[in-house]
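# Analysis of the macromolecular model
The chain contents come next:
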Amino acid sequence: MSIDLSGKKIVMIHGLASKPPREDVHSLWTKCLIENVRVDDSALAGEMEKQKDIFHSAYWADFTSQSHS
């Protein structure tokens, strides 16, 4: 059974703490979220793996530095 995730977005936001490079953080957080969902709903986790474009990363520090420029 297919689960429709169209129109859905999951935004992962981090603060000022030191992190690995953006691509690594995005990949690790995406994998972690999917695996935690898999505990209760393997079908949903499977769809999330197929539709990784629903995941977006936001950097709080980037927003504040842009708004003060």
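Everything numeric in this text was worked out from a predicted model, so none of it was measured.

What follows covers the overall build of the protein. Helix and strand counts for the protein stand at three helices and two strands. Ordered by position in the sequence, the α and β elements of the protein form the string β-α-α-β-α. In the protein, which comprises 69 residues, the share counted as buried stands at 20%. Carbon and sulfur atoms make up 57% of the accessible area of the protein, which amounts to about 5,100 Å² in all.

For the rest of this paragraph, the subject is the packing of helix H1 (residues 22-40) against helix H2 (residues 42-50). Here H1 crosses H2 at 155 degrees, and the two axes come no closer than 6 Å. Compared by their axis directions, H1 and H2 come out roughly antiparallel. Residues Leu33, Ile34, Glu35, Val37, Arg38 and Asp40 of H1 form the contact with H2, whose own contacting residues are Ser42, Leu44, Ala45, Gly46, Met48 and Glu49. Per-class residue counts for the contact of H1 with H2 are six nonpolar, two polar and four charged.

Together, Val11, Ile13, Leu16 and Trp60 make up a nonpolar patch on the protein surface, roughly 440 Å² of accessible area in all. Within the fold, Leu16 resides in the loop between strand S1 (10-14) and H1. Under the relative-accessibility criterion, Leu16 is labelled exposed at 63%.

Right, let's talk about the pattern of salt bridges for a bit. Enumeration according to the criterion identifies three salt bridges in this entry. For Arg38, the salt bridge is made with Glu49, and the minimal N-O distance between the two is 2.7 Å. Here Glu49 lies in helix H2 and Arg38 lies in helix H1, a separation of eleven residues in the sequence. With relative accessibility at 26%, the residue Arg38 sits in the partly exposed group. Linked by salt bridges that have partners in common, Glu35, Arg38 and Glu49 make up one network.

Rules used in this analysis
- Residues numbered from 1 in each chain as written.
- Predicted model: local features only at pLDDT ≥ 70, side-chain atom pairs only at ≥ 80, totals over all residues.
- Heavy atoms only, no water.
- Helix = DSSP H or I, 4+ residues; strand = E, 2+ residues; numbered from the N terminus.
- Buried < 20%, exposed > 50% of the residue type's maximum accessible area, 1.4 Å probe, protein only.
- Areas by Shrake-Rupley, 256 points an atom, 1.4 Å probe, with all protein chains shown as cover.
- Axes fitted to C-alpha atoms, helices over the stretch in contact; angles between N-to-C directions.
- Parallel < 35°, antiparallel > 145°, perpendicular 65-115°, else oblique.
- Contact = heavy atoms within 4.5 Å.
- Nonpolar A, V, L, I, M, F, W, Y, C, P; charged D, E, K, R; others polar.
- Patch = residues over 30% accessible without salt bridge, like charges linked within 9 Å, V, L, I, M, F, W, Y side chains within 5 Å.
- Salt bridge = Lys/Arg side-chain N within 4 Å of Asp/Glu carboxyl O.

Just distances and angles here, no functional claims.
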